[in-house]
Amino acid sequence: MADEQELRADEEDLRRATSARIVLARPQLGENIGFVLRLLANHDWDELVLVAPRQGYEDGARRTASMCSERLERVLVCADVGEAVASNDLVVGLTARRGRERDVFSVERLADLLALATRPALVFGNEESGLDAREVAHCNALVTIDRPGLTSLNLSHAVAIAIHEATRQEATATKATGAVTLDATRAANAPSPATHAERQRVEARLRAMLSSYDFRLDDPHVDGAFARLVKGSRLERRDARMLLRVARHFEWLREARPRDELSDSQSQSGRGPTQDEP
């Protein structure tokens, strides 16, 4: 009996370790939302977040969420992707587009990416246009589903493929310490990845600091650099805190310099002319 309970506990730990928050950005069809709910029920995943869904989606979702329509009551609705993933430490966007500033991984690497996080989220664009540039900007990593034929996938089909890849138990994660097998638990001393909200705070602080020094933020490569350096999937919370300390130090230097210059100017004016002065 004890062995069976331990086995069930291990299975629950593994489910939690491989599950992720599913975020649908601007979904248009309630039927697709229902199909996604049923997929989550199949895999015993819990979290579905809808970002600005089309009004009246509930009726269509109930028709296709067969045998699990009660899950519709637990769906969260947010105004934007940033709000939907604020507490997640890894945000993976599913996209068919390949940009020049960001690496795009194959969906077969998805389990490896998720193994690096404790609170991951998978973000899917809507049926017509996919993820837009503002939504992609919230993602730490981008994943694409390559297929030899028609490249456009139904939204629920894309979610099904992603969940299948995310739950492959034989996946391995490559960390700084080397290749390790995906396990149900993380090491007690494993560093915590920065959450999306923390990364946003770091980026905003660094941009403000650079702007105060007249750094050219409108350079087209700056956004890509921030996407790689700040939103990179391995940014740890301790590193985020250090970056904030660096930004605060430069802000302090900038505020202190005018006071020092004023003080020096007043001191010089009080000394009277030097020997070189008339």
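Each remark here, short or long, concerns the structure printed above.
It should be emphasised that the depicted structure is a prediction, and the values quoted were computed from it without experimental measurement.

Student: Help me understand the pattern of salt bridges, please; the structure alone is not making it clear to me.
Tutor: When their charged atoms lie close together, side chains carrying opposite charge are able to pair. Tallied over the full model, the rule gives 13 salt bridges. Salt-bridge contacts for Arg-62 lead to Asp-59; the nearest nitrogen and oxygen are separated by 3.9 Å. Here Arg-62 and its partner Asp-59 are both found in helix 3 (residues 57-64), three residues apart, which amounts to about one turn of the helix. We classify Arg-62 as partly exposed; its relative accessible area is 41%. Glu-251 serves as the salt-bridge partner of Arg-205, at 2.9 Å between the closest nitrogen and oxygen. Here Glu-251 lies in helix 10 (residues 237-271) and Arg-205 lies in helix 8 (residues 196-212), a separation of 46 residues in the sequence. On the basis of relative accessibility, which here comes to 21%, the residue Glu-251 falls in the partly exposed class. Each of Arg-26, Asp-132, Arg-134 and Glu-135 takes part in salt bridges that share partners, so that together they form one network.

Student: Mind showing me how you'd approach unusual backbone geometry here?
Tutor: Negative phi characterises most residues that are not glycine, and trans characterises most peptide bonds. Residues other than glycine seldom take positive phi values, yet Asp-44 does so here, at roughly 60°. Summarising the element assignment, Asp-44 is placed in the loop between helix 2 (30-43) and strand 2 (48-51). Among the residues examined, Asp-44 registers a relative accessible area of 36% and is labelled partly exposed. Even without being a glycine, Met-67 presents a positive backbone phi close to 65°. For Met-67, a relative accessible area of 73% puts it in the exposed group.

Student: Hey, could you run me through the pairing of strand 7 (residues 141-144) in this one?
Tutor: On any regular strand, side chains alternate: one points to one face of the sheet, the next to the other face. Residues Ala-141 and Val-143 line one face of strand 7 and the alternating positions Leu-142 and Thr-144 line the opposite face, and both faces are buried. Strand direction decides the pairing type here: strand 5 (residues 104-106) and strand 7, joined by three bridges, are parallel. If you follow Val-104 over to strand 7, its bridge partner there is Leu-142.

Student: How do you make sense of helix 7 (residues 155-166) when you look at a structure like this?
Tutor: For the α-helix, the turn length of 3.6 residues means that residues three or four positions removed from each other point alike. With twelve residues, helix 7 extends 16 Å from end C-alpha to end C-alpha; this agrees with the ideal 16 Å at 1.5 Å per step. For helix 7, the complete set of buried residues consists of Leu-155, Ser-156, Ala-158, Val-159, Ile-161, Ala-162, Ile-163, Glu-165 and Ala-166.

Student: Whenever I open this one, helix 2 confuses me. Can you help?
Tutor: Over its 14 residues, helix 2 extends 20 Å from the first C-alpha to the last, a length consistent with the 20 Å expected when each residue adds 1.5 Å. Turning to helix 2, its buried residues number three or more, namely Gly-30, Asn-32, Ile-33, Gly-34, Val-36, Leu-37, Leu-39 and Leu-40. On its buried face, helix 2 is in contact with strand 1 (21-25), strand 2, helix 3 and helix 7. Once helix 2 ends, the next one or two residues include Asp-44, with phi positive near 60°.

Student: It is not clear to me how the sheet that holds strand 7 should be interpreted in this structure. Could you clarify?
Tutor: The strands that make up a sheet are held in pairs by hydrogen bonds between backbone atoms, and each pair lies either parallel or antiparallel. In space, the seven strands of this open sheet follow the order 3-2-1-6-4-7-5, with parallel pairing throughout. Each edge of the open sheet is held by one strand with a lone partner, namely strand 3 (76-78) and strand 5. Strand-to-strand twist of the sheet, defined as the mean angle between neighbouring strand axes without regard to direction, takes the value 30°. Where strand 4 (residues 90-94) lies against strand 6 (residues 120-124), five bridges are found, and the strand directions are parallel. Residue pairing across strands places Val-92 opposite Leu-122, the latter belonging to strand 6.

Student: How do you make sense of the nonpolar core when you look at a structure like this?
Tutor: The tendency in soluble globular proteins is for nonpolar side chains to be buried as a group. Among the nonpolar cores identified, the biggest contains 37 residues, and Ile-22, Leu-24, Leu-48, Val-92, Leu-110, Leu-122 and Phe-124 are the most heavily contacted of them. Looking at this core, the element that brings in the most residues is helix 7, giving seven residues. Not counting the four nearest positions on each side in its chain, Phe-124 is found in contact with Ile-22, Val-23, Leu-24, Ala-25, Leu-94, Leu-131, Leu-155, Ala-158, Val-159 and Ala-162. The next biggest cluster of nonpolar side chains, apart from the first, holds 16 residues, and it includes Ala-84, Val-123, Leu-131 and Cys-139.

The rules we used
Residues numbered from 1 in each chain as written. Predicted model: local features only at pLDDT ≥ 70, side-chain atom pairs only at ≥ 80, totals over all residues. Heavy atoms only, no water. Salt bridge = Lys/Arg side-chain N within 4 Å of Asp/Glu carboxyl O. Helix = DSSP H or I, 4+ residues; strand = E, 2+ residues; numbered from the N terminus. Buried < 20%, exposed > 50% of the residue type's maximum accessible area, 1.4 Å probe, protein only. Pairing = 2+ DSSP bridges. Expected span 1.5 Å × (residues − 1). Contact = heavy atoms within 4.5 Å. Axes fitted to C-alpha atoms, helices over the stretch in contact; angles between N-to-C directions. Core = buried A, V, L, I, M, F, W, Y, C linked by side-chain atoms within 4.5 Å.

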